[in-house]
Amino acid sequence: MIFALLPACAQTFSVAFSTFSGPNCVKNKFGVYQTPFMGTGSYPPLTSMAPFLADAGIHDLRYEIAWGKPDAFAFDQIGGTENSPTIDFTRLDPFVHMLQTNGVAPLFATGYDPVPLKTCSDWSSWQAVPDNLTSWEWIARQYANHYSSSLGFKGICYEIWNEPDLSLNGSKVFFTGNQSDYGNIYACAITGINAGASDARVGGPAIAHDTSYLTQSGMLSQPMDFASIHAYANAPGQISAMQNALGSKSVPIYMTEYASYTSFSSTGPNSTHAAAAAFFEDVKTLLNYSNLKKVYWAQWIDDDAGMITYSLHKKAIYNAYKIYQTLLPTNRVTVIPDNSSGIDTLAAADSGIAGIVVWNNNTFSSSVTINLNNLPGGVGILRLYRIDSQNASYIDNARSENLSVNSQWSYSTPTNSWTGTIPAQSVVFILAQAAAGLESHYGRTPWAIPGTIQNENYDNGGEGIGYHDSDPANLGGQLTMKDLPYFEVWTSTDLKNWVMIPGTLALTNGQILFQDTNVANQPARFYQLIKH
């Protein structure tokens, strides 16, 4: 007799959007980590990430400056001589200003050995202890002062060095000094940074695994705004190790590099829809650690490890991050059961809006029923999004790069349900929005026709309601901050097809801006169709 191994039977989950339970889905905990851009090759400009930062709702970004590292973009930002160094701020100022303009708080991994402080000219000398710690302190002071005073960018985080403990095949990777050497570098850096900007926050040691760089370096007796550690698919153990090392010292923990995987490739699981399910699995776990204040996802732009490719295409994990940051509400609610047989959930609700993420950790498809109770307002719209091999995953299917509504339906009572199949290692997100929170007129009253309507004055309500945009690029080059994080401003010669349509307009490539108009006192819908 032959037995077939069959998937588990359909599972049912019930969410009560009025029953709150923590920890909440906070939006200031998860940022992104950008490895240093290289000085050569087909890398996009650092400022090219601006529309993606806004689109994904990113508030925090760690950037590894990499002074002295010959292949890094800012390797020679520090010039001059050992006793009289200079700093060329023009190299990174446009990038920092872009972060400031977009409301993104930077954390600078401040290292490595600057060119004038190197002990030798070997390629690997960037890993060495700076030759002159007095000059190292001066550099730190000038750096902090420039961004705080000259640019007016307050509260920047400075993380001293990067993984000073990491060894590979018996050789140190980022730092050839010992714990005491690191302690001296940290002490001089924090003295300089605090002298240059009292609003700056300083921490370290950005360790890979060896907490002695915290306990045996003298750091614990120095001022410290955060203690940082890295983790790759091993967050609970790393957090525990850091908590034990800190002992009675009460400082927040920053996980300044984190990923769900330990190996990376441009076509591997980390780049496909599987990474979206892994993202939510890890987010749900990491939310439970109250002393873990920041997690920087590794990485942001990179072909192998990034959320976005160097050609600026969005992988599945980008869209998972976007769901969490921009669509999922904040106040956590109860789901029963919370998880079952490889299916897991995360749900939240705010005023007039509610959402539930359901992901399938299994290697087979699963049939799921979601009972939605206490829906906001009792009347509204439900929208379903998918991240799987056919949806919102560029590496799986290049034609499905953008996160979009897969289906939608209305509800007229506080209770509704959805039954469907979630493919293996894939994600479904259901968003409920009360009718009272849906589209409303910009400026509260319809626009009069004949008359002038400004392009940027589209209706309120967000993506799919007040506007639709097929991609995050700010092709017009100007910014309008409303519920759309960016807006493409066009001249009259760029604008194509101003049309008045009483029903629904379908579009596969471009933007639609929805505006309510008053034509001879008769309300109508006015669609501005912009094709790229």
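One can find the structure itself at the top, above this paragraph.
Note that the structure is a prediction, hence the values are computed from the model and not measured.

Peer 1: Hey, could you run me through the overall build of the protein in this one?
Peer 2: Within the protein, the regular secondary structure consists of eight helices and 27 strands. Burial status across the protein gives 53% buried among its 532 residues. Pairs at least 24 residues apart make up 71% of the contacts formed inside the protein by residues separated by at least 6 positions. Of the roughly 21300 Å² of accessible surface on the protein, a fraction of 51% belongs to carbon and sulfur atoms.

Peer 1: How do you make sense of the pairing of strand E3 (residues 60–64) when you look at a structure like this?
Peer 2: It is a general feature of regular strands that their side chains alternate between the two faces of the sheet. A large share of E3 lies buried, amounting to five of its five residues. Alternating residues of E3 divide into Asp60, Arg62 and Glu64 and Leu61 and Tyr63, and every residue in both groups is buried. As defined by bridge partners, strand E2 (residues 30–34) adjoins E3 across three bridges and the pair is classed as parallel. By the bridge assignment for E3, Val32 is matched with Leu61. Of the pairings in the sheet, the one linking E3 to strand E6 (residues 105–110) comprises five bridges and is parallel in character. Along E6, the bridge assignment pairs Leu61 with Pro106.

Peer 1: What exactly am I supposed to notice about the sheet that holds E2 here?
Peer 2: Strand pairing in a sheet relies on backbone hydrogen bonds, with the paired strands running either antiparallel or parallel. Pairing is parallel around the closed barrel formed by eight strands, whose spatial order is E2-E3-E6-E7-E10-E11-E12-E13. Averaged over all adjacent pairs, the angle separating strand axes in this sheet is 25 degrees, with direction ignored. Contacts from helix H6 (residues 235–246) reach strand E10 (201–207), strand E11 (226–232), strand E12 (253–259) and strand E13 (292–298), with the element oriented near 155 degrees to E11.

Peer 1: Just to check I follow, could you spell out the packing of helix H3 (residues 133–150) against helix H4 (residues 179–196) for this structure?
Peer 2: Packed helix pairs are characterised by how far apart their axes lie and by the angle those axes make with each other. Interhelical geometry of H3 versus H4 gives an angle of 35 degrees and a closest axis separation of 7 Å. Here the hand of the crossing between H3 and H4 comes out right-handed. Of H4, the residues touching H3 (which contributes Leu133, Trp136, Glu137, Ala140, Arg141, Ala144 and Asn145) are Asn184, Ile185, Cys188, Ala189, Thr191, Gly192, Ile193, Ala195 and Gly196. Split by residue class, the contact of H3 with H4 holds nine nonpolar, five polar and two charged.

Peer 1: Sorry if this is basic, but what is going on with the pattern of salt bridges here?
Peer 2: It is possible for side chains bearing opposite charge to pair when their charged atoms get close. If you walk through the whole model with that rule in mind, you get eight salt bridges. Residues Lys294 and Asp60 are paired through a salt bridge, measuring 3.1 Å at the closest nitrogen-oxygen approach. Pair noted here: Lys294 is in strand E13 and Asp60 is in strand E3, with a separation of 234 residues, a long-range link. We note that Lys294, like Asp60, is buried. The closest approach of N and O atoms between Asp344 and Lys284, which form a salt bridge, is 2.5 Å. Taken together, the positions of Asp344 in strand E16 (residues 343–350) and Lys284 in helix H7 (residues 274–286) put the pair 60 residues apart, joining distant regions of the chain. Considered together, Asp344 and Lys284 belong to a single accessibility category, that of buried residues. Several salt bridges converge on common partners, so that one network encompasses Arg62, Glu159 and Glu257.

Peer 1: Which parts of the structure should I look at to understand the nonpolar core?
Peer 2: Nonpolar side chains in soluble globular proteins generally cluster together in the buried interior. Counting 106 residues, the largest nonpolar core has Phe95, Trp297, Trp300 and Tyr324 as its most contacted members. Grouped together as the second largest cluster of nonpolar side chains are 24 residues, Ala349, Leu375, Leu382 and Val428 included.

Peer 1: Sorry, what's going on with the packing of aromatic side chains here?
Peer 2: Given two aromatic rings, one states the distance between the centres and the angle between the planes to describe the pair. Per the stated rule, a full pass over the model turns up 29 aromatic pairs. When the centroid spacing of 6.5 Å and the interplanar angle of 80 degrees are considered together, the rings of Phe37 and Tyr310 count as edge-to-face. With Phe37 in the loop between E2 and helix H1 (50–56) and Tyr310 in the loop between E13 and helix H8 (316–327), this pair connects stretches of sequence that are 273 residues apart. Like Phe37, the residue Tyr310 is buried in the burial classification. Taken together, a centroid distance of 5.2 Å and an interplanar angle of 80 degrees make the contact between Trp67 and Tyr143 edge-to-face. Residue Trp67 is found in the loop between E3 and strand E4 (78–80), and its partner Tyr143 is found in helix H3; the two are separated by 76 residues along the sequence.

Peer 1: Explanation requested: the side chain of Thr309 in the structure shown.
Peer 2: Mapped onto the secondary structure, Thr309 falls in the loop between E13 and H8. Overall, Thr309 belongs to the buried group, its relative accessible area being 6%. Reaching out from Thr309, the side chain makes a polar contact with the side chain of Ser311 at a distance of 2.9 Å.

Peer 1: Could you clarify how one ought to interpret the sheet that holds strand E22 (residues 427–434) in this entry?
Peer 2: Spatially, six strands are ordered E15-E16-E17-E22-E19-E20 in an open sheet, and the strand pairing comes out antiparallel. Strands with a single pairing partner mark the edges of an open sheet, and in this sheet they are strand E15 (339–340) and strand E20 (405–411). The pairing of strand E17 (residues 353–360) with E22 spans seven bridges and is antiparallel. Counted as the bridge partner of Gly355 is Leu431 from E22. Most of the contacts of H7 go to E17, to which it runs at about 115 degrees, and overall it touches E15, E16, E17, strand E19 (380–387) and E22.

Thresholds applied
Residues numbered from 1 in each chain as written. Predicted model: local features only at pLDDT ≥ 70, side-chain atom pairs only at ≥ 80, totals over all residues. Heavy atoms only, no water. Helix = DSSP H or I, 4+ residues; strand = E, 2+ residues; numbered from the N terminus. Buried < 20%, exposed > 50% of the residue type's maximum accessible area, 1.4 Å probe, protein only. Contact = heavy atoms within 4.5 Å. Areas by Shrake-Rupley, 256 points an atom, 1.4 Å probe, with all protein chains shown as cover. Pairing = 2+ DSSP bridges. Axes fitted to C-alpha atoms, helices over the stretch in contact; angles between N-to-C directions. Left-handed = near helix turned anticlockwise from the far one by under 90°. Nonpolar A, V, L, I, M, F, W, Y, C, P; charged D, E, K, R; others polar. Salt bridge = Lys/Arg side-chain N within 4 Å of Asp/Glu carboxyl O. Core = buried A, V, L, I, M, F, W, Y, C linked by side-chain atoms within 4.5 Å. Phe/Tyr/Trp six-rings, centres within 6.5 Å; stacked < 30°, edge-to-face > 60°. Polar contact = N/O pair within 3.5 Å; in protein donor to acceptor, adjacent residues only side chain to side chain.

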